[in-house]
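Tertiary structure, described
Spelled out from the first residue to the last, the chains are:
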Amino acid sequence: MNQFVQRVANWIANEIFIKGLAESKTFQRFVVHTDRHIQKFKNEGLEQINSQMDELHKHATKAAFSSTSNTSSSAAGGAASGGGALKPPQKPGGFVSALGKVIRRDLGLDK
C-alpha cells in the first residue's frame, strides 16, 4: 500500500509541477534568461583565466630565460676572472629587501 501512495504522489508531482513549469511561458523566459547569464559569466571567467595564464606563462618564460642567461654569463665571467663563486650581498638585510621587492612586484604595488 505504501508503494502505491508513493507512486500516486510521484505521478501528481510530475503532472502538476514538471509539466506545469514546462508549459509556463514565464518559467521558460526565466530559464532562458538565467542560462544566458550563466553562459556569459562562464565565458568571461574563462577569458579572464586564459589571460592570467598567458601572462603568468609570459613572466615565467621571461624569468627563466633571463636567469639562465644571467647565470651562464655570470658563471662564465666569474670563472674566467678566477672568482668562481658568487659573492653574497654585503648588507645583512639584502634577502629581506629582495623578498620585499618580489612581494611588491607580485602584488602589483611596485611598477
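Numbering of residues starts from 1 in every chain and runs along the sequence as written. Given that the model is predicted, a residue must reach a pLDDT of at least 70 before its local features are reported, and side-chain atom pairs must reach 80 or more before they are shown or counted; all residues, however, enter totals for whole chains, interfaces and linings. Computation of side-chain values: all heavy atoms of the structure, hydrogens and water removed.

Moving on to the overall build of the protein. Runs of H or I in DSSP of at least four residues are treated as helices and runs of E of at least two as strands, each being numbered from the N terminus. Scanning the protein for helices and strands turns up three helices and zero strands. In the protein, the succession of helices and strands from N to C terminus is α-α-α. Each residue gets one of three labels from its accessible area relative to the maximum for its type: buried under 20%, exposed over 50%, partly exposed in between, using a 1.4 Å probe on protein chains only. Considering the protein as a whole, with its 111 residues, one finds that 2% of them fall into the buried category. As displayed, the protein offers around 10200 Å² of accessible surface, 63% of which is attributable to carbon and sulfur atoms. The method behind every accessible area is Shrake-Rupley, applied with a 1.4 Å probe, and residues are considered shielded solely by the protein chains displayed.

In this section: the packing of aromatic side chains. In summary, the pairing rule links any two rings of Phe, Tyr or Trp, Trp by its six-membered ring, whose centres are within 6.5 Å, and it sorts them by plane angle into stacked for under 30 degrees, edge-to-face for over 60 and tilted for everything else. Here the structure, examined in full by the defined rule, presents one aromatic pair. Between Phe27 and Phe30 the ring centres are 6.3 Å apart and the planes differ by 35 degrees, which places this aromatic pair in the tilted class. Of the two residues, Phe27 and Phe30 are both situated in helix α2 (residues 25-81); the distance of three residues between them amounts to about one turn of the helix. Here Phe27 falls in the partly exposed class, since its relative accessible area comes to 31%.

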